[in-house]
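Topology and contacts: notes
Here's the letter readout for the chains.
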Amino acid sequence: MLGAGPRGVRGALAAWREWDGLPSRWGMWVVARRRWIAYAVVCELAAVTAVAVGFVTNFGGPVQFGWFATLVVLGIAQAEMSRRIERLRRWMSGQTHINVTSVWYLAGAFLLPPAWVALLALVLYVHLWLRVWRSVRTRPAHRFLASTAWAMLSCFAASSVLTIDHLNDATLNTWHGVLALVAAAAVFEVVNMALVAAGIYLYTGSRQAADLIGTWEDNAFEIATLCLGGLASLALVAQPVLVVFVVAPLLLLHRYLLLKQQLQVAAVTDEKTGLLNTAGWHDLATREFTRARRRGPGSEFAVLMIDLDHFKRINDTYGHLTGDEVLAAVAVAIAEAVRQSDTVGRFGGEEFVVLLPATGGTPVLAIAERVRVAVGELSVVVGGTARVSGLSVSVGVAGYPDAGDTLDQVLRSADAALYRAKDAGRNRVAV
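Predicted, not measured: the structure shown is a model, and the values here were computed from it.

Attention now goes to the packing of aromatic side chains. What characterises a pair of aromatic rings is the spacing of the ring centres plus the angle enclosed by the ring planes. Within the structure shown, the criterion is met by 13 aromatic pairs. Aromatic pair Phe289 and Tyr400: ring centres 5.4 Å apart, planes at 80°, arrangement edge-to-face. Of this pair, Phe289 sits in helix α13 (residues 278-295) while Tyr400 sits in strand β6 (residues 393-400); the two residues are 111 residues apart in sequence, bridging distant segments of the chain. In this pair, the class of Phe289 matches that of Tyr400, namely buried. Taken together, the aromatic side chains of Phe55, Phe65, Phe68 and Trp116 make up a single cluster linked through ring pairs. Positioned above the aromatic ring of Tyr201, the side-chain terminus of Arg35 is 5.3 Å from the ring centre.

Here you go:
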């Protein structure tokens, strides 16, 4: 049983994995750590159990179906109006993501019993999955299920705290009612932050505060969303028609979050290739170096320095615009030849760099060779009819900790290996 300790968790997971409804070839078993899967399963079971017990025991009192239906309609309508924005945000988002739909969760926590506000979160999440998230590569199904469970548990906790001293019976035009809203918002934020941070840590191993709980700015936006939730609660109770005045600033906030992410992405993206620029790549590499050093002996990562051979000839023969098209094609070839967990960047000119986290030895050489072959097979169509083929790259390989004790030393070693490859005749891999 899952509650029987680590051995029981592993046994249940093994049985779950072997069940023919969940084949072992699913991507979850490749990209997610076993401890994250165990944590996600426990959270999902806890969410289902909490809702079931809430329904059976009528915890929190009877539901007013009118409020539930109203919040479902408002949540779906707002999601539909901002569907394109949410899809773009999801494509660009990192580990933490501000979900503005939480504005309706706080209103639900005040107006609905715990089980019903958890059900509200489930309905709105399923709608977002069907209409937005399932088409986003960075939002696979196993992460959607875990996030849904975390939202349900956060909503259940926020509504449950209002059953204390009958806070949910308070009217919002009194200090008692304001206290109820603040308490619900605080509980929702703390519980959700804790659940998400634990999930991100177990999924990625990152201990960076910005990765686990977001930046101060991210949390300020989350608080702003909860404030709008409080205003929505007040509007629904006092004069329901006034809730339309909450939707407009909510949509504006959503658009501003997209603009913020677009600016952040533009700051670290190379405009010619779409890869990370030097600053963006170096920032991620520094984080990986910090993680490897913290993990201690046995931890490793590798760097590939890649240079497109005889690129000047292409520019001289076909012109710089064609050279840019060739660089973009080579960037795509490199990105497709490495793994999804690897990070590709452009260091300027015709030089590229790849970070291979938690990798060393033979696998690194195999990936470097795969990159070399992929570029050699390219045939780039330029100007509608002309083709540029016969491309090649020289690749320098270096790994931590063998090639150096710092990230700068590893990069210098990879760069030195690259020049050895070029001096040896190009179109080869050197260590």
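Turning our attention to the sheet that holds β6. An order of β2-β3-β1-β6-β7 is seen for the five strands of this open sheet, with the pairing classed as mixed. One side of each edge strand has no neighbouring strand; the edge strands of this open sheet are β2 (343-348) and β7 (429-430). Bridging between β6 and β7 involves two bridges; their strand directions are parallel. Residue pairing in the sheet places Val395 in a bridge with Val429 of β7. Taken strand by strand, helix α15 (residues 320-337) contacts β1 (301-308), β2 and β3 (351-357), and its axis lies near 15° from that of β3. Contacting β1, β3, β6 and β7, helix α16 (residues 362-376) runs over the sheet at an angle of about 165° to β6.

Our focus in this paragraph is the pairing of β1. Within a regular beta strand, the side chains point alternately toward one face of the sheet and then the other, so they alternate between its two faces. Along β1, eight of the eight residues are buried, which leaves the element largely enclosed by surrounding structure. Both faces of β1 are covered, namely the face carrying Phe301, Val303, Met305 and Asp307 and the face carrying Ala302, Leu304, Ile306 and Leu308. For β1 and β3, the ladder comprises seven bridges, and the chain directions are antiparallel. Note on β3: the bridge partner recorded for Phe301 is Pro357. With eight bridges joining them, β1 and β6 adopt antiparallel strand pairing. Looking at β6, one finds that Phe301 is bridged to Tyr400.

Turning our attention to the side chain of Glu288. With respect to the helices and strands, Glu288 occurs in helix α13. At 3.2 Å, the side chain of Glu288 and the side chain of Arg291 are in polar contact. Residue contacts for Glu288: discarding those within four places in its chain leaves Arg295, Glu300, Phe301, Leu355, Pro357 and Ala358.

On the surface, a cluster of positive charge is contributed by Arg33, Arg35, Arg207 and Arg294. Among the secondary structure elements, Arg294 is positioned in helix α13.

The predicted model of the protein has a mean per-residue pLDDT of 81, with 84% of residues at 70 or higher. Across residues 1-26 the pLDDT falls below 50, and counting only partners more than four positions away or on other chains, this stretch makes 25 contacts in the model.

Time to look at the packing of helix α6 (residues 102-111) against helix α9 (residues 175-204). It is at 10 Å that the axes of α6 and α9 come closest, and there the two elements cross at 130°. On the basis of their axis angle, the class for α6 and α9 is oblique. Our pair here, α6 against α9, has a crossing hand that is right-handed. Contacts between α6 and α9 involve Ser102, Tyr105, Leu106, Ala109 and Phe110 from the former and Gly177, Ala180, Leu181, Ala184, Ala185 and Phe188 from the latter. Taken together, the residues that form the contact of α6 with α9 break down as nine nonpolar, two polar and no charged.

Right, let's get into unusual backbone geometry. Cis rather than trans, the peptide bond between Tyr400 and Pro401 has omega equal to 10°. In this structure, Pro401 sits in the loop between β6 and α17 (407-423). A positive phi is found at Ala358, a non-glycine position, where the angle reads about 50°. By the element assignment, Ala358 lies in the loop between β3 and α16. For Arg426, which is not a glycine, the phi torsion comes out positive at approximately 70°. Here Arg426 is to be found in the loop between α17 and β7. Given a relative accessible area of 31%, Arg426 falls into the partly exposed group.

Below, the discussion takes up a nonpolar patch on the surface. Together, Val241, Leu242, Val244 and Phe245 make up a nonpolar patch on the protein surface, roughly 410 Å² of accessible area in all. Following the sequence through the fold, Val241 ends up in the loop between α11 (216-238) and α12 (244-267).

Moving on, we come to the nonpolar core. Formed by 69 residues in total, the largest nonpolar core has its most connected members in Trp36, Trp104, Leu112, Leu120 and Leu236. Within the residue set of this core, elements represented by two or more residues are α3 (34-57), α4 (65-81), α6, α7 (114-131), α8 (141-161), α9, α11 and α12. Apart from the residues lying within four places of it in its own chain, the contact partners of Trp104 are Leu71, Leu74, Gly75, Gln78, Leu120, Leu124, Ala232, Val243, Val247 and Leu250. In this structure, Ile306, Ala333, Leu356 and Leu391 belong to the second largest nonpolar core, which totals 32 residues.

Glancing now at the environment of Leu119. Structurally, Leu119 can be placed in helix α7. Classification of Leu119 by relative accessible area gives partly exposed; the value is 22%. Along the primary structure Leu119 and Val72 are separated by 47 residues, whereas in three dimensions their C-alpha atoms are 9.9 Å apart.

Procedures and definitions
- Along each chain, the written sequence defines residue order, and numbers are assigned to residues from 1.
- Reporting in this predicted model follows two pLDDT cut-offs: at least 70 for local features of residues, and 80 or more for side-chain atom pairs to be given and counted; totals over whole chains, interfaces and linings ignore these cut-offs and use all residues.
- Side-chain metrics rest on all non-hydrogen atoms present in the structure, leaving aside hydrogens and water.
- Ring geometry is summarised as follows: Phe, Tyr and Trp rings, the Trp one being its six-membered ring, pair when their centres sit within 6.5 Å, and such pairs are stacked at plane angles under 30 degrees, edge-to-face over 60 and tilted between the two.
- We count a stretch as a helix when DSSP gives it H or I for four or more residues in a row; a strand needs E for two or more, and each element gets its number in order from the N terminus.
- Under the scheme applied here, a residue whose accessible area is under 20% of the maximum for its type counts as buried, over 50% as exposed, and between as partly exposed, the area being computed with a 1.4 Å probe on protein chains only.
- For a lysine, the NZ atom is tested; for an arginine, the CZ atom; a charge sits over a ring if that atom is within 6 Å of the ring centre and within 35 degrees of the ring normal.
- DSSP-based pairing: two strands are paired if at least 2 bridges between them are found.
- Any pair of residues with heavy atoms lying within 4.5 Å of one another is described as a contacting pair.
- Interaxial angle, 0 to 180 degrees, is taken between N-to-C directions of lines fitted to C-alpha atoms, where a helix line uses only the stretch in contact.
- N or O atoms within 3.5 Å of each other form a polar contact, as long as, within protein, one can give a hydrogen and the other can take it, and as long as residues adjacent in sequence are counted only when both atoms are side-chain atoms.
- Surface patches are drawn from residues lacking salt bridges whose relative accessible area is over 30%; two like charges belong together within 9 Å, two nonpolar side chains (Val, Leu, Ile, Met, Phe, Trp, Tyr) within 5 Å.
- In these tables, accessible area is a Shrake-Rupley quantity obtained with a 1.4 Å probe, and a residue counts as shielded only by the protein chains included in the view.
- Only one rule defines a salt bridge in this text: a Lys or Arg side-chain nitrogen within 4 Å of an Asp or Glu carboxyl oxygen.
- When charges are tallied, Lys and Arg are placed among the positive residues and Asp and Glu among the negative ones, while His and the ends of the chain are skipped.
- Think of each charge as sitting on NZ of Lys, CZ of Arg, CG of Asp or CD of Glu.
- The pLDDT value expresses, per residue, how confident the predictor is, ranging between 0 and 100.
- Any angle between 65 and 115 degrees counts as roughly perpendicular, while under 35 counts as roughly parallel, over 145 as roughly antiparallel, and the rest as oblique.
- Each crossing is labelled by how the near helix is turned from the far one, with a counterclockwise turn of less than a right angle marking it left-handed and a clockwise turn marking it right-handed.
- Throughout this entry, Asp, Glu, Lys and Arg are counted as charged residues, while Ala, Val, Leu, Ile, Met, Phe, Trp, Tyr, Cys and Pro are counted as nonpolar. The remaining residues, Gly among them, count as polar.
- The set of buried Ala, Val, Leu, Ile, Met, Phe, Trp, Tyr and Cys residues whose side-chain atoms join them within 4.5 Å is what this entry labels a nonpolar core.

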